[in-house]
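As a plain string of letters, each chain reads:
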Amino acid sequence: MTQAPSLAIVVPCYNEEEVLSETFSVLDGVISTLIESNKVGADSKLYFVDDGSKDKTWEMLEGKAQVDEHVVAIKLSRNKGHQNALYAGLCSTTEDLVVSIDADLQDGPENIEAMVDEYAKGFEVVYGVRSERKTDTFFKRFTAEGYYHLMRKMGVDLVFNHADFRLMSRKALEAFKEYPEANLFLRGIVREVGFSSSTVEYERQERFAGESKYPLRKMLSFAWEGISSFSTVPLRAITIMGFVAGLLSLAMIVWVLGVRIFTDSAIPGWASILLPLLFIGSVQLMCLGILGEYMAKIYAEVKGRPKYHIEKKALYDKH
Ligand code: UDP
Ligand code: MG
């Protein structure tokens with residue numbers, strides 16, 4: 001019999017004290033079921049990354065790691081955000097398979113088994129895909145789905161309705177780690193990496209407890225992160241806008257001059273001076289802003305700062 005592959009489940013946690021004990025018991029259950037059915041090896045592990053939490057998250061993770069041989073707890077030096085925390089966790093693993101999942105149990109850990117089954121069929125990457133968004137508000141659903149369409153229009157290859165619940169083989173993960181970018185948009189990078197992939201559909205649940213750590217402001221900035229990291233269409237749009245505005249101005253000039261030369265009247269009024277001026281002024285500012293956004297990205301990339309620092313790790317203490 002061939003030896004079962006070892007599995008790592010990576011869980012970023014930011015102020016998750018309210019959900020953690022439930023998360024522990026659910027993920028413990030998932031791991032032991034998989035080990036018992038010999039789908040994954042007995043050396044499989046849970047990696048919890050504390051992303052600079054201000055509540056009891058670290059104490060809980062450390063306590064759990066000390067008594068459970070399947071658990072590794074990692075504390076980052078400060079809050080670095082979900083994507084960086086997840087990246088830190090992924091880079092800390094050594095197992096054959098790596099699954100990333102949120103701490104709040106929204107993504108249904110019971111689906112991990114289906115992911116492992118897909119891997120067993122030979123797929124290197126397995127994407128968790130939300131089959132429906134019953135638990136999301138109309139606004140969230142509308143904006144999220146609109147976003148995937150917009151990204152696709154901009155030539156960015158994303159898996160529709162896939163967030164960061166996925167399985168990667170060691171081979172895919174090692175390739176993924178070769179992407180050195182400072183601005184992380186993991187679901188885009190994984191698509192960029194390629195390899196044979198499959199999907200597992202699931203229904204997204206309500207957050208088990210606590211509040212979302214992604215308020216509207218962060219969500220918008222994350223959405224823009226995705227667009228600006230994977231597409232230069234906004235820059236192209238500026239050029240096109242310049243052309244269109246130029247043509248319109250030309251038409252207007254011809255019209256104004258025509259009226260002046262071929263009739264006895266002239267176009268009167270301050271409005272025809274001020275309005276185009278204000279309009280073009282604001283369009284220019286917006287375009288400068290977009291340019292600035294890309295420049296800020298280059299700035300971050302050029303500095304090449306480390307994405308995270310590990311302050312400490314807690315492991316099982318045999319004694
Ligand atoms: N998270 C994190 N760092 C942050 C914000 C969030 O590690 O700065 C973690 C959080 O603990 C959770 C996951 O990222 O495990 C997803 O966050 P959340 O559930 O709040 O997002 P939502 O599901 O509402 O989009
Ligand atoms: Mg959540």
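Being a predicted model, the structure only gives us computed values, none of them experimental.

Reading guide: rules and limits
- Residues numbered from 1 in each chain as written.
- Chains lettered and ligands numbered in written order.
- Predicted model: local features only at pLDDT ≥ 70, side-chain atom pairs only at ≥ 80, totals over all residues.
- Heavy atoms only, no water.
- Helix = DSSP H or I, 4+ residues; strand = E, 2+ residues; numbered from the N terminus.
- Expected span 1.5 Å × (residues − 1).
- Buried < 20%, exposed > 50% of the residue type's maximum accessible area, 1.4 Å probe, protein only.
- Arc of directions from axis to C-beta.
- Contact = heavy atoms within 4.5 Å.
- Domains from an automatic or database assignment.
- Buried area = accessible area lost by both parts, 1.4 Å probe.
- Salt bridge = Lys/Arg side-chain N within 4 Å of Asp/Glu carboxyl O.
- Polar contact = N/O pair within 3.5 Å; in protein donor to acceptor, adjacent residues only side chain to side chain.
- Nonpolar A, V, L, I, M, F, W, Y, C, P; charged D, E, K, R; others polar.
- Donors = N, O, S within 2.8 Å, 3.2 Å for Na, K, Ca; no water.
- Pairing = 2+ DSSP bridges.
- Right-handed = clockwise from strand over helix to strand, strands pointing away.
- Patch = residues over 30% accessible without salt bridge, like charges linked within 9 Å, V, L, I, M, F, W, Y side chains within 5 Å.
- Areas by Shrake-Rupley, 256 points an atom, 1.4 Å probe, with all protein chains shown as cover.

**Student:** How would you summarise helix α5 (residues 138-153) if you had to cite specific residues and measurements?
**Tutor:** Taking 1.5 Å of rise per residue, the 16 residues of α5 would be expected to cover 22 Å, and the 22 Å separating its terminal C-alpha atoms lies within 8% of that figure. Where α5 is concerned, the buried positions are Ala144, Tyr147, Tyr148 and Met151. In a view along the axis of α5, the buried residues occupy a sector of 95 degrees, so they form one face of it. Facing away from the buried side of α5, by more than 90 degrees, are the exposed residues Phe138, Phe142 and Lys153. Tucked inside the fold, the buried residues of α5 contact β6 (162-169), α7 (186-193) and α8 (216-230). Count one or two residues on from α5 and you reach Gly155, which has phi positive near 85 degrees.

**Student:** Can you tell me about the domain arrangement of the chain, naming the residues and giving the values?
**Tutor:** What the domain assignment lists for the chain is domain 1 (7-211 + 306-314) and domain 2 (233-303). The gap between the C-alpha centroids of domain 1 and domain 2 is 45 Å. Each side of the interface is counted separately: domain 1 has 5 residues, and domain 2 has 5 residues. Interface area, domain 1 with domain 2, both sides summed: about 400 Å², of which 58% is carbon and sulfur. Considering only the side of domain 1, the residues that lose the most area to domain 2 are Met154, Ala182 and Asn183, jointly responsible for 91% of the buried surface there. In this assembly, domain 1 and domain 2 are joined by 0 salt bridges. Our count for the domain 1 to domain 2 interface comes out at 2 residue pairs in polar contact (both at pLDDT 80 or more). Broken down by class, the residue content of the side of domain 1 that touches domain 2 amounts to 3 nonpolar, 1 polar and 1 charged.

**Student:** Can you tell me about the coordination of the magnesium ion (ligand 2), naming the residues and giving the values?
**Tutor:** Summarising the metal site, the magnesium ion (ligand 2) is bound by the protein donors Asp104 (OD) and Gln106 (OE1), whose distances to it range over 1.8 to 1.9 Å. The same class applies to Asp104 and to Gln106, which are both buried.

**Student:** For the pairing of strand β2 (residues 45-50), give the residues involved together with the corresponding values.
**Tutor:** Judged by how many residues are buried, β2 sits mostly within the fold: 5 of 6 residues are covered. In this sheet, β2 lies alongside strand β1 (residues 7-13) in parallel orientation, the contact comprising 6 bridges. The residue bridging Ile9 from the neighbouring strand is Leu46, located in β2. Assessed by its sense of winding, the connection that carries the chain from β1 through helix α1 (residues 17-36) to β2 is right-handed.

**Student:** I'd love a proper account of a nonpolar patch on the surface, names of residues and values included.
**Tutor:** A cluster of nonpolar residues, Leu247, Leu250, Ile253, Leu257, Ile261 and Phe262, forms a patch on the protein surface that exposes about 690 Å² of accessible area. Here Leu257 is to be found in helix α9 (residues 233-262).

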